[in-house]
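One-letter residues, chain by chain:
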Amino acid sequence: MDTAQKNKLFYLSIGGNDEDWGIVVTTVGYQSIPPRTHYPPVQHPDTYLFTPDKGRVINEYQLVYITDGSGWFSSQHMKKRQKVTAGTMILLFPGEWHSYAPDSLTGWNEYWVGFRGIHIDNRVKKGFFSKKEPLHRIGVNSSIVELYEDIIRIAQKEKAGYQQMISSIVLSILGTVYYKSKNEQYTDSYIVDKINEARSIIKSNTENTIPQEDIAKKLGLGYSWYRRMFKEYTGVSPAQYHLQQKLMKAKEFLTTTDKTISEIAYSLRFENVCQFSTFFKKKEGITPSEFRKRTH
């Protein structure tokens, strides 16, 4: 294990309007735990200290990233001990009992960042992250390590607005974790290739009316399977994806051409101007004419 890097621990101040940003960072750091040493180190404040046997409950979220070594993790929603290896991101939740520690024989290296705010609360409420799935095996990633190092570097200087800067980096880490975890579910390249092929067909037929059943048939797929897998992978149905492409094409016409609203509606195969305007306003909150005036 590489123990050359010096341990770094920071517990951060939060200013008057920092909370209004929607997310604040409370702590960040890095530590290397050599084999056969006490864990956690005693230099942490009492509110963060715990014994692996008893565990703890904290009042914030934390992202703990293991970059070397191995250990175990358990929590209120994951009572059976889970193996933790290098490349595992642990997401801790406020009010959720948890415990973790490195293996005595290997030790481990860990980065962590603690944070709280409505931005992360809303993501959990919407189901992007769950207490039932606190472990994200995303692999050792140098870009994520650099993001942690950026937070540490900025936190050390405590310049004006630093909370807004580092909390935005936390959201970037969360986005990366979600992206990698989501794509980890689709290791079958056949599924991904077929969905990408379908998206390519839809994009090339934005200005046409092409039945989704025909696309499924062209790809040699059953329609029900095609529709279900497309929605699981992209988050929208094939028909909704086609409408999204029509909306983007409509915006392109409105901002880069002199086509009339009627011509745009006809080009995108809407039955009439009224149908196109209703569709556009439902998606954008304003009519096509209002959109064109604002962008011009």
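Values in this document were obtained by computation on a predicted structure and should not be read as measured data.

S.K.: Where do I start with helix α4 (residues 189-204) in this structure?
M.R.: Owing to its 3.6 residues per turn, the α-helix brings residues three or four apart onto one side. Taking 1.5 Å per residue, 16 residues should reach 22 Å; α4 reaches 22 Å between its end C-alpha atoms and fits that length. Taken together, the buried positions of α4 are occupied by Ile 191, Val 192, Lys 194, Ile 195, Ala 198, Ile 201 and Ile 202. At its buried positions, α4 is contacted by α5 (212-218), α6 (223-234) and α7 (238-256).

S.K.: Hey, could you run me through the environment of Ser 189 in this one?
M.R.: Mapped onto the elements of the fold, Ser 189 is located in helix α4. Here the alpha-carbon distance between Ser 189 and Ile 120, two residues 69 residues apart in the chain, equals 32 Å.

S.K.: How should unusual backbone geometry be read in this particular structure?
M.R.: Leaving glycine out, the prevailing phi sign among residues is negative, and the prevailing peptide bond configuration is trans. The omega torsion across Tyr 39 and Pro 40 is -5 degrees, close enough to zero to call that bond cis. Note that Pro 40 resides in the loop between β2 (24-33) and β3 (61-75). Backbone geometry at Glu 158 places phi at a positive 50 degrees, although glycine is not the residue there. Within the secondary structure layout, Glu 158 lies in the loop between α2 (142-157) and α3 (162-184). Take Glu 158: its relative accessible area is 44%, and that puts it in the partly exposed class. Residues other than glycine seldom take positive phi values, yet Arg 269 does so here, at roughly 65 degrees. Tracing the backbone through its elements, the reader meets Arg 269 in the loop between α8 (261-267) and α9 (273-284). With relative accessibility at 43%, the residue Arg 269 sits in the partly exposed group.

S.K.: I'm lost on the side chain of Thr 206 in this one. Help?
M.R.: As for its placement among the helices and strands, Thr 206 is situated in the loop between α4 and α5. A polar side-chain atom of Thr 206 sits 2.8 Å from the main-chain carbonyl oxygen of Lys 203. Residues within four places of Thr 206 in sequence aside, it is in contact with His 242, Gln 245, Lys 246, Lys 249 and Leu 268.

S.K.: What's the story with the side chain of Gln 163 in this structure? I'm lost.
M.R.: Its place among the elements puts Gln 163 in helix α3. With relative accessibility at 1%, the residue Gln 163 sits in the buried group. Ignoring any residue separated from it by four or fewer positions in sequence, one finds Gln 163 in contact with Leu 12, Ser 13, Ile 14, Asp 18, Val 24 and Val 25.

S.K.: What should I look at first to understand the pattern of salt bridges in this one?
M.R.: One side chain can pair with another of opposite charge once the charged atoms of both are near each other. Taken as a whole and judged by the stated rule, the model has eight salt bridges. Its salt-bridge partner being Asp 103, residue Lys 83 comes within 2.8 Å of it at the nearest N-O pair. Of the two residues, Lys 83 sits in strand β4 (residues 82-85) while Asp 103 sits in the loop between β6 (98-102) and β7 (108-116), which places them 20 residues apart along the sequence. Of the residues examined, Lys 83 reaches a relative accessible area of 45% and is grouped as partly exposed. With a relative accessible area of 22%, Asp 103 lands in the partly exposed category.

S.K.: I'm lost on the packing of α4 against α6 in this one. Help?
M.R.: Any two packed helices are characterised by how steeply their axes cross, that is the angle between the axes, and by the distance between the axes. As a packed pair, α4 and α6 sit with axes 10 Å apart at the nearest point and diverge in direction by 95 degrees. By the criterion of interaxial angle, the relationship of α4 to α6 is roughly perpendicular. Counting all contacts with α4, which are made through Tyr 190, Ile 191, Val 192, Ile 195, Ala 198, Arg 199 and Ile 202, the residues of α6 involved are Trp 225, Tyr 226, Met 229, Phe 230, Tyr 233 and Thr 234. Its residues assigned to classes, the contact of α4 with α6 shows eleven nonpolar, one polar and one charged.

S.K.: Please explain empty space enclosed by the protein as it appears in this structure.
M.R.: A water-sized probe, rolled over the atoms, reveals where empty space remains. Counting across every chain of the model gives two cavities of 30 Å³ or more. Its volume calculated, the second largest cavity comes out at about 40 Å³.

S.K.: Where do I start with the packing of aromatic side chains in this structure?
M.R.: Think of a pair of aromatic rings as described by two things: how far the centres are apart, and how the planes are tilted against each other in angle. Under the definition given, this model contains 19 aromatic pairs. Relative to Trp 108, the ring of Tyr 39 has its centre 6.0 Å away and its plane inclined at 85 degrees; by these criteria the two rings are edge-to-face. With a gap of 69 residues between them, Tyr 39 in the loop between β2 and β3 and Trp 108 in strand β7 connect regions that are remote in the sequence. On the basis of relative accessible area, Trp 108 is assigned to the buried category, the value being 0%. When the ring of Phe 128 is compared with that of Tyr 178, the centres are 5.3 Å apart and the planes differ by 75 degrees; the resulting orientation is edge-to-face.

S.K.: Looking at this model, I keep getting lost on the environment of Asp 121. Mind explaining?
M.R.: With respect to the helices, strands and loops of the structure, Asp 121 is situated in helix α1 (residues 118-125). For the pair Asp 121 and Ile 210, spaced 89 residues apart in the sequence, the C-alpha separation amounts to 40 Å.

The rules behind the values
Residues numbered from 1 in each chain as written. Predicted model: local features only at pLDDT ≥ 70, side-chain atom pairs only at ≥ 80, totals over all residues. Heavy atoms only, no water. Helix = DSSP H or I, 4+ residues; strand = E, 2+ residues; numbered from the N terminus. Expected span 1.5 Å × (residues − 1). Buried < 20%, exposed > 50% of the residue type's maximum accessible area, 1.4 Å probe, protein only. Contact = heavy atoms within 4.5 Å. Polar contact = N/O pair within 3.5 Å; in protein donor to acceptor, adjacent residues only side chain to side chain. Salt bridge = Lys/Arg side-chain N within 4 Å of Asp/Glu carboxyl O. Axes fitted to C-alpha atoms, helices over the stretch in contact; angles between N-to-C directions. Parallel < 35°, antiparallel > 145°, perpendicular 65-115°, else oblique. Nonpolar A, V, L, I, M, F, W, Y, C, P; charged D, E, K, R; others polar. 1 Å grid on protein atoms, 1.4 Å probe; cavity = no way out; pocket = protein on both sides within 12 Å on 5 of 7 lines; lining within 4 Å. Points joined across faces, edges and corners; volume = space filled by probe spheres on them. Phe/Tyr/Trp six-rings, centres within 6.5 Å; stacked < 30°, edge-to-face > 60°.

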